[in-house]
Amino acid sequence: MDAAFLITAFVTLFVIIDPIGMTPLFVALTQGMSPARRRAIALRACVTSALILIVFAAFGEQVLGFIGISMPAFRIAGGILLFLTALDMLFERRSKRRQGQAEEAEEDDVNDDPSIFPLAIPLIAGPGAIASVILLAGQRPGLEGLAMVIGVMLSVIAMVFVLFLTSGLLERALGRVGINVVTRLLGMLLAALAVQFVLDGLRGFGFAA
């Protein structure tokens, strides 16, 4: 087991999926619902997003190869995408966009079930998370690397599920200021990881030592 790779994968996916930042949105989307219904929605959202990310982790590189995109090129593009996400987190644009998606779902969802949209897609298994699992699986080709990426991803999704179940307590404990501080700190970590992805892509093309 490569401890450094596991730590990098966990930090990347934790920052991108952002369980803490999504918890207040889950509270808003399930406001007034019974605890049992909240648990069902949380479980359905987490299982759906996990399945989506597993598919992209397992077959994402093959899909890229089929359409003629090399892994170094995808690392650079993915790094830029993650860096933009980090900027959104640092300047609070990400929270506002997610809140807008949540409010739009509340207005449009006839069945009052936000588990698939917007919770599973795009809040948990969004473009950043999909790009991250493809990039991480590409860094460690083979079944062992794929198993590590999926294992780390499932652990982050499990954290999302636990935080969803304890969302009210966490929101009261951290408060809006606490959540903003945590989100910005995670944004700085993500920016550094995004730059590393770009450097790895450039190294793949022979532009960096």
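A closer look at the pattern of salt bridges
Working definition: two side chains of opposite charge can pair if their charged atoms are close together.
(1) Moving on: In the structure shown here, the tally under the stated rule is three salt bridges.
(2) Moving on: Of the charged contacts in the structure, one is a salt bridge between Arg140 and Asp2, with a shortest N-O distance of 3.2 Å. Here the residue Arg140 occupies a position in the loop between α7 (127-139) and α8 (143-165), and Asp2 occupies one in the segment before α1 (3-17), the gap between them amounting to 138 residues.
(3) Moving on: On the basis of relative accessibility, which here comes to 23%, the residue Arg140 falls in the partly exposed class.
(4) Moving on: Accessibility expressed as a relative area gives 31% for Asp2, which makes it partly exposed.

Focus on the nonpolar core
(1) Moving on: If you look at the biggest cluster of nonpolar residues, it comprises 54 residues, and the most contacted ones within it are Ile17, Leu53 and Phe164.
(2) Moving on: In terms of residue count, α8 provides more of this core than any other element does, 11 residues in total.
(3) Moving on: Each residue touching Phe164, except ones within four places of it in the same chain, is listed here: Met22, Thr23, Phe26, Ala42, Cys46, Leu119 and Ile124.

What to know about the packing of helix α3 (residues 35-66) against α8
(1) Moving on: Running from N to C, α3 and α8 point in directions that differ by 165 degrees, and their axes come no closer than 10 Å. The orientation of α3 with respect to α8, classified from their angle, is roughly antiparallel. At the point where α3 passes α8, the crossing takes the right-handed sense. For the pair formed by α3 and α8, the contact residues are Arg39, Ala42, Leu43, Cys46, Ser49, Ala50, Leu53, Ile54, Ala57 and Ala58 on the first element and Leu146, Val149, Ile150, Met153, Leu154, Ile157, Val160, Phe161, Phe164 and Leu165 on the second.
(2) Moving on: For the contact of α3 with α8, the per-class residue count stands at 18 nonpolar, one polar and one charged.

Focus: α7
(1) Moving on: Spanning 13 residues, α7 covers 18 Å between terminal C-alpha atoms, matching the ideal 18 Å at 1.5 Å per step.
(2) Moving on: Counting buried positions along α7 yields 11 of 13 residues, so the element is predominantly enclosed.
(3) Moving on: All of the buried residues in α7 are Gly128, Ala129, Ile130, Ala131, Ser132, Val133, Ile134, Leu135, Leu136, Ala137 and Gly138.

Here we look at the confidence of the model for the protein chain
(1) Moving on: With 88% of its residues at a pLDDT of at least 70, the protein chain reaches an overall mean of 83.
(2) Moving on: Per-residue pLDDT, averaged within each element of the protein chain, yields its smallest value for helix α5 (residues 93-108) (60) and its largest for α8 (95).

Conventions and cut-offs
Residues numbered from 1 in each chain as written. Predicted model: local features only at pLDDT ≥ 70, side-chain atom pairs only at ≥ 80, totals over all residues. Heavy atoms only, no water. Salt bridge = Lys/Arg side-chain N within 4 Å of Asp/Glu carboxyl O. Helix = DSSP H or I, 4+ residues; strand = E, 2+ residues; numbered from the N terminus. Buried < 20%, exposed > 50% of the residue type's maximum accessible area, 1.4 Å probe, protein only. Core = buried A, V, L, I, M, F, W, Y, C linked by side-chain atoms within 4.5 Å. Contact = heavy atoms within 4.5 Å. Axes fitted to C-alpha atoms, helices over the stretch in contact; angles between N-to-C directions. Parallel < 35°, antiparallel > 145°, perpendicular 65-115°, else oblique. Left-handed = near helix turned anticlockwise from the far one by under 90°. Nonpolar A, V, L, I, M, F, W, Y, C, P; charged D, E, K, R; others polar. Expected span 1.5 Å × (residues − 1). pLDDT = per-residue confidence, 0-100.

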